[in-house]
Amino acid sequence: MIFLTVGGGGREHAAVEALHRSGAEIHAVMKTANPGIIALAKDYLLAPETDVETVCAYAAKVGAQFAFIGPEAPLEAGLVDALERQGVACAAPTANAARIETSKTFMRELVRKYGIEGNLAFASFNNKEEAVRYLETVAHEIVVKPVGLTGGKGVKVQGEHIHTIEDAAEYVGEIFSENIGGAGVIIEEKAVGEEFTLMVFCDGRKISPMPLVQDHKRAFEGDVGPNTGGMGSYSDADHLLPFVEKKDMKQALRILRDIVDAMAKEGCPYRGPMYGQFMLTVDGPKIIEINARFGDPEAMNVLPLLKSDFADVCMRMARGNLESDVEFSRKATVCKYVVPEGYGTRPVPGAGIKVDVEAARAAGAEVFFANVEEVGGKLVTGTSRSIGVVGIADTLEKAERNCEEALKHVVCDGCFVRHDIGKKELVQRRVDHMERLRAAHVD
Ligand code: AMP
Ligand code: GLY
């Protein structure tokens, strides 16, 4: 089968690798020349991923039958709608269905309309004055977000980034004056707990879960510094997390199933991977956001564990016949991203980076290329995340050690890594935090 893939990050390298394992012929479109994808693809085109016309013309030229689309921006631009019009079956949602990510108001209103569990109090505004009036009356702690896409940035949390009504009002003003996200502001209730990611495969009606993952958004060790796209992530061999019990996972899965049902009823059935970001609170999992795609780095945790054939899963999502559950190996994973200095605020690109992929593999890890390019036979970093290294083993501790061992084979002078991700101390902090919250709740 002939697959068009769109996107050039670590997530897309992991997807292309899984499709390649399934024997798919891959034709890749990406903004920058990811050497990992280039090595596996039959050919590729460097183009903006949101240039629907160019991507469609390329799909026609290469005779693509199926499409895998990694990032959210092309979904919002209507790439799936256009590809499907020319007969390419897509394992990704239409622009209408992708509203579950591209409009935070759409998501919250849908969840409210269908009485789905896990919602948070929220209010959306199209102008600054009404939003500020609301801020003056709201009784609970809040989070201020642009309604539309901001590339993972743009969320400000009370107690972290905003401390007073004035701070919140100032940020609301900024969202409108700079048109951040392009669709107004949403003010949500702040949920307190520990975050986890549950991703599912979806064919419009049925869903099948992937192992739970925990991402680390903060740039620096100890969970401090600016929010980033995600510095690394881990998953456990039992497909749960040390602080998430089976019943919490089941509840999160029910929430995603209800969302998928609701979308079918609304006339915008959801096909493709769906990403649920949850906060596990003392009252169970609450929805933080729903994304219309795989998470990055989370895709790098789960895709190497696939026992099922990924091309087949994509074709089934696209055609609406995801019959049996998708299977994963019972292994733990720890992913750490090597990123350029300054990543999170002002990244400094252009550093040389050397990788010995075979040595990393021998250490029990997979290497996924992201925003690095070959220049004059040498790899150099871009402004986004550079290389993801994923340790895989029977236990979390061993997976973390494998990841660290493999990281010794990635040498870069102008880069940094959050070494604490997946380490016992940090994982234990999550468990302790959850226990403290539960104890305080009982009191
Ligand atoms: P997002 O871009 O929506 O994933 O938000 C970035 C981060 O902000 C999340 O990973 C959370 O840590 C935090 N966040 C977003 N919404 C909320 C909320 N309603 N309550 C608490 N934290 C939130
Ligand atoms: N890892 C967070 C995201 O992909 O949105």
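Residues numbered from 1 in each chain as written. Chains lettered and ligands numbered in written order. Predicted model: local features only at pLDDT ≥ 70, side-chain atom pairs only at ≥ 80, totals over all residues. Heavy atoms only, no water.

Participant: I'd like a rundown of the site of ligand 1, residues and numbers included.
Facilitator: Around ligand 1, the surrounding shell holds 14 residues, and the nearest of these are Lys145, Glu188, Ala191, Glu195 and Glu289. The backbone of Ala191 places a nitrogen or oxygen atom 2.9 Å from a nitrogen atom of ligand 1. The separation between an oxygen atom of ligand 1 and a polar side-chain atom of Glu289 is 2.7 Å. For ligand 1, whose unbound accessible area comes to 470 Å², protein coverage reaches 92%. (Near = heavy atom within 4 Å. Polar contact = N/O pair within 3.5 Å; in protein donor to acceptor, adjacent residues only side chain to side chain. Areas by Shrake-Rupley, 256 points an atom, 1.4 Å probe, with all protein chains shown as cover.)

Participant: Mind laying out the sheet that holds strand S17 (residues 284-291), listing which residues take part and the relevant values?
Facilitator: The sheet built from four strands is open, its strands ordered S11-S10-S16-S17 with antiparallel pairing. Among the strands making up the open sheet, the edge pair consists of strand S11 (207-209) and S17. Averaged over all pairs of adjacent strands, the angle between strand axes in this sheet comes to 35°, irrespective of strand direction. In this sheet, S11 lies alongside strand S10 (residues 194-203) in antiparallel orientation, the contact comprising three bridges. (Pairing = 2+ DSSP bridges. Helix = DSSP H or I, 4+ residues; strand = E, 2+ residues; numbered from the N terminus. Axes fitted to C-alpha atoms, helices over the stretch in contact; angles between N-to-C directions.)

Participant: Could you give an account of the site of ligand 2, with specific residues and numbers?
Facilitator: If you check the shell around ligand 2, you find Asp215, Lys217, Gly229, Tyr275, Asn291, Arg293, Gly295, Asp296, Pro297 and Glu298 and nothing else. At 3.4 Å, a side-chain N or O of Asn291 approaches an oxygen atom of ligand 2. Contact between ligand 2 and Asp296: an oxygen atom at 2.9 Å from a main-chain N or O atom of the residue. Coverage of ligand 2 by the protein chains reaches 93% of its 200 Å² of free accessible surface.

Participant: Could you give an account of the state of the cysteines, naming the residues involved and the relevant values?
Facilitator: Under the definition given, this model contains one disulfide. At a sulfur-sulfur separation of 2.2 Å, the disulfide partner of Cys412 is Cys415. Between Cys412 and Cys415 the sulfur-sulfur dihedral comes to about 60°; the bridge is accordingly right-handed. For the pair shown, Cys412 and Cys415 are each scored as buried. Here Cys403 stays unpaired: no disulfide links it, and the sulfur of Cys335, its closest cysteine neighbor, is 6.9 Å away. By relative accessible area, Cys403 is classed as buried at 0%. (Disulfide = S-S within 2.5 Å. Buried < 20%, exposed > 50% of the residue type's maximum accessible area, 1.4 Å probe, protein only.)

Participant: An account of the sheet that holds strand S8 (residues 156-157) is requested, with residue identities and associated values reported.
Facilitator: Strand order in the open sheet formed by four strands is S6-S9-S7-S8, with antiparallel pairing between adjacent strands. Pairing within the sheet leaves two strands with one partner each, and these edge strands are strand S6 (122-125) and S8. One ladder, built from five bridges, connects strand S7 (residues 142-146) with strand S9 (residues 185-189); its direction is antiparallel. Note that in S9 the partner of Val143 across the bridge is Glu188.

Participant: Tell me about the pattern of salt bridges, and name the residues and values.
Facilitator: Taken as a whole, this structure holds 33 salt bridges when the rule is applied. The shortest N-O distance in the salt bridge between Lys42 and Glu25 comes to 3.8 Å. Of the two residues, Lys42 sits in the loop between helix H2 (35-40) and strand S3 (43-46) while Glu25 sits in strand S2 (residues 25-30), which places them 17 residues apart along the sequence. Judged by relative accessible area, Glu25 falls into the partly exposed class, the value being 28%. A salt bridge links Arg271 to Glu84, with the shortest nitrogen-to-oxygen separation between them at 2.9 Å. Placement of the pair is Arg271 in strand S16 (residues 271-281) and Glu84 in helix H5 (residues 79-85), with a sequence separation of 187 residues. Among the charged side chains, a salt-bridge network with shared partners connects Glu194, Asp223, Arg418, Asp420, Arg429 and Arg430. (Salt bridge = Lys/Arg side-chain N within 4 Å of Asp/Glu carboxyl O.)

Participant: Before we move on, can you summarise a positive patch on the surface with the specific residues and values?
Facilitator: Among the surface-exposed residues, Lys246, Lys250, Arg254, Arg257, Lys307 and Arg330 lie close enough to one another that they form a single positively charged patch. If you trace the backbone, Arg330 turns up in the loop between helix H12 (310-319) and strand S18 (332-340). We classify Arg330 as exposed; its relative accessible area is 57%. (Patch = residues over 30% accessible without salt bridge, like charges linked within 9 Å, V, L, I, M, F, W, Y side chains within 5 Å. Lys, Arg positive; Asp, Glu negative; His and termini not counted. Charge placed at Lys NZ, Arg CZ, Asp CG, Glu CD.)

Participant: Can you lay out the layout of surface pockets for me, pointing to particular residues and giving the numbers?
Facilitator: Space inside the second largest pocket adds up to approximately 360 Å³. Taken together, 15 residues make up the lining of the second largest pocket; nearest its centre are Pro209, His239, Lys246, Met249 and Arg330. Top element by residues in the lining of the second largest pocket is helix H10 (residues 246-265). It accounts for four residues. Tallied by class, residues from the lining of the second largest pocket come to eight nonpolar, one polar and six charged. (1 Å grid on protein atoms, 1.4 Å probe; cavity = no way out; pocket = protein on both sides within 12 Å on 5 of 7 lines; lining within 4 Å. Points joined across faces, edges and corners; volume = space filled by probe spheres on them. Nonpolar A, V, L, I, M, F, W, Y, C, P; charged D, E, K, R; others polar.)

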